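Descriptive analysis of the structure
Given next are the chains, with one letter for each unit.
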Amino acid sequence: ELAEKATFKETVYLMINGRLPNRDELTRFSILLNDHSLVHEDMRSFYESFPRISHPMGILSSMVNALRSFYPELQNLEEEINMTVTRLLSKIRTMAAMSYKISRGHKVVYPRPDLAYCANFLNMMFHSPVRPYEIDEDAVNALRVFWILHADHEQNCSTSAVRLDGSARVNLYAAISAGIAALWGPLHGGANQAVIEMLSDIAEKKNMAHAIERAKDKEDPFRLMGFGHRVYKTYDPRAKIMKKMCDSLLNKLNISDPLLDIAKELEVVARKDDYFVEHNLYPNVDFYSGIVLRAIGIPTSMFTVMFAIGRLPGWIAQWKESLDDPNWKLGRPRQIYTGPPQTQFVPIDKR
Ligand code: ACO
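These remarks concern the structure in this document. Just so it is clear, the structure is predicted and the values come from calculations on it, not from any experiment.

1. What to know about the packing of aromatic side chains
- This model, assessed by the stated rule, comprises 12 aromatic pairs.
- Judged by centre distance (6.0 Å) and plane angle (80°), the rings of phenylalanine 46 and phenylalanine 70 are edge-to-face. Residue phenylalanine 46 is found in helix H4 (residues 44-49), and its partner phenylalanine 70 is found in helix H5 (residues 56-70); the two are separated by 24 residues along the sequence.
- A relative accessible area of 37% means that phenylalanine 46 is categorised as partly exposed.
- Judged by centre distance (5.0 Å) and plane angle (85°), the ring pair of phenylalanine 287 and tyrosine 288 falls under edge-to-face. In terms of burial, phenylalanine 287 and tyrosine 288 fall into one category: buried.

2. Regarding the environment of leucine 199
- The topology assignment puts leucine 199 in helix H11 (residues 191-205).
- Distance in space between the C-alpha atoms of leucine 199 and leucine 323 is 42 Å, their sequence separation being 124 residues.
- Discounting residues that sit within four places of it in the chain, leucine 199 has contacts with Leu259, Ile262, Ala263, Leu266 and Ile291.

3. Some words on the site of the ligand
- Around the ligand, 20 residues are found, and the nearest of them are Leu224, Gly226, Phe227, Arg230 and His279.
- Measuring from an oxygen atom of the ligand, one finds a side-chain N or O atom of lysine 218 at 3.1 Å.
- Look at the ligand: alone it shows 910 Å² of surface, and the protein chains cover 76% of it.
- Of the pockets mapped on this structure, the ligand occupies the largest pocket.
- Its residues placed into classes, the shell around the ligand shows 9 nonpolar, 6 polar and 5 charged.

4. Some words on empty space enclosed by the protein
- The full count for this structure, using the stated rule, is 2 cavities of 30 Å³ or more.
- As a volume, the largest cavity reaches approximately 80 Å³.
- Lining the largest cavity we find Tyr47, Glu48, Phe50, Pro51, Arg52, Ser54, Ile59, Ser99, Ile102 and Ser103.
- For the lining of the largest cavity, the elements supplying multiple residues, two or more each, are H4 and helix H6 (77-103).
- A total of 3 residues in the lining of the largest cavity trace back to one element, the largest contributor, which is H6.
- In this structure, the second largest cavity occupies an estimated 60 Å³ of space.
- Taken together, Leu38, Val39, His40, Glu41, Arg44, Thr94, Met98, Val108, Val109, Tyr110 and Pro111 make up the full set of residues lining the second largest cavity.

Conventions we followed
- The written sequence of each chain sets the order in which its residues are numbered from 1.
- Only residues with pLDDT of at least 70 are given local features in this predicted model, and only at 80 or more are side-chain atom pairs given and counted; all residues enter the totals for whole chains, interfaces and linings.
- Hydrogen atoms and water are omitted, and side-chain values are computed over all heavy atoms in the structure.
- In this analysis, rings of Phe, Tyr and Trp, with Trp reduced to its six-membered ring, are considered paired at centre separations within 6.5 Å, and the interplanar angle assigns stacked below 30 degrees, edge-to-face beyond 60, and tilted for intermediate values.
- Numbering of helices and strands starts at the N terminus; helices are DSSP runs of H or I of at least 4 residues and strands are runs of E of at least 2.
- Each residue gets one of three labels from its accessible area relative to the maximum for its type: buried under 20%, exposed over 50%, partly exposed in between, using a 1.4 Å probe on protein chains only.
- Note on contacts: a residue pair is in contact if any heavy atoms of the two residues lie within 4.5 Å.
- We define proximity as follows: a residue is near a molecule or strand when any one of its heavy atoms falls within 4 Å of that partner.
- Any N or O atom pair separated by 3.5 Å or less is treated as a polar contact, with the protein-specific requirement of one donor-capable and one acceptor-capable atom, and with residues adjacent in sequence counted only for side-chain atom pairs.
- Each accessible area value is a Shrake-Rupley result obtained with a 1.4 Å probe; residue values ignore everything except the protein chains displayed when judging cover.
- A pocket, in this scheme, is an open set of points on a 1 Å grid over the protein atoms alone with protein on both sides within 12 Å along at least 5 of 7 lines, while a cavity is a set where a 1.4 Å probe fits but cannot get out; residues line either one if an atom lies within 4 Å of a point.
- For a cavity or pocket, the test is whether more than half of a molecule's atoms lie within 2 Å of its grid points; if they do, the molecule sits there.
- Classes in brief: Ala, Val, Leu, Ile, Met, Phe, Trp, Tyr, Cys and Pro nonpolar; Asp, Glu, Lys and Arg charged; the others, Gly included, polar.
- Grid points are joined across faces, edges and corners, and a volume is the space filled by probe spheres set on the points.

Honestly, it's all geometry; don't read function into it.
Spelled out as structure tokens, the structure:
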């Protein structure tokens, strides 16, 4: 319902406050997000010092962690939490777009007060002094749906990382930075980039059967990216919405992407294969999302960053839930020792 009816900003408010905002609350929230959307100018030099080939997820994780140095802790706890949450939600878009612009050697585009959350991000990504960006409502809508579908998803790897880090009472910037680092992995959020790389590889080699065989081979670490999920042993409901949106977006933008045809065919072939049927492997949210992002012009290296922006409200909401729990304990998974019994230290020349 949210993907169909809500704005991303309303969804963010819902995640953080537990209910949808009324008109006044939404206006106040928009003003706050606008007021905090700039990034400290001194942070620019960091961006410029990363090697051009750096992955944007590494940059984002580092820069989010660095925010604490630029915005020191406030004395009043409630004010500190509200300010940190607002800064993160607002600045993450600016920071993400900045890393893209700087990586291309382009002029950074500042956020605009007259643009809503999604449109503002697209403008920061694609506006240039020589080619003004025209807001495309279909692209804005696709991004809205993409971000809403990623907003939260219980105790996945990155959310657990945020909770575990947060349990040590680190500041929220550091906990979110840990979440971004976890999301980067190709078995988690990094899968959206890996799917496009896999589909491009299949297109180039014109060999889908080979990919299927490799995915089934236990000796080969290769897996069909965008397939399978720890929780869903059936079709990921987010993937259904994403696939539908992908079709309608490409139609509206009049784009024909050969990777979409390959993805659809791969889904059909895999779902007819005994291995995928027996293992209950279906497309997950990442399978079609990359094609949506490509259609709106997002470069592949930024895909997981897009996921991170969408997931941020969920991470914050989960962290807040822990914070509100009077019994929130330092996280410490138990370890069961199965190694050899007591051993003696052997001096180096006797080993
Ligand atoms: N391709 C081939 N085989 C697979 C795949 C796949 N994509 N996914 C699972 N399997 C197989 C495993 O080899 C294993 O087989 P076995 O029981 O015969 O040894 C069985 O299915 C179960 O796999 P597990 O890894 O134990 O299942 P788990 O629940 O841990 O897997 C995961 C979840 C990591 C997402 C997995 O399906 C995978 O690696 N998928 C590809 C990466 C991907 O798309 N990740 C995004 C997930 S969604 C998200 O995080 C946003």
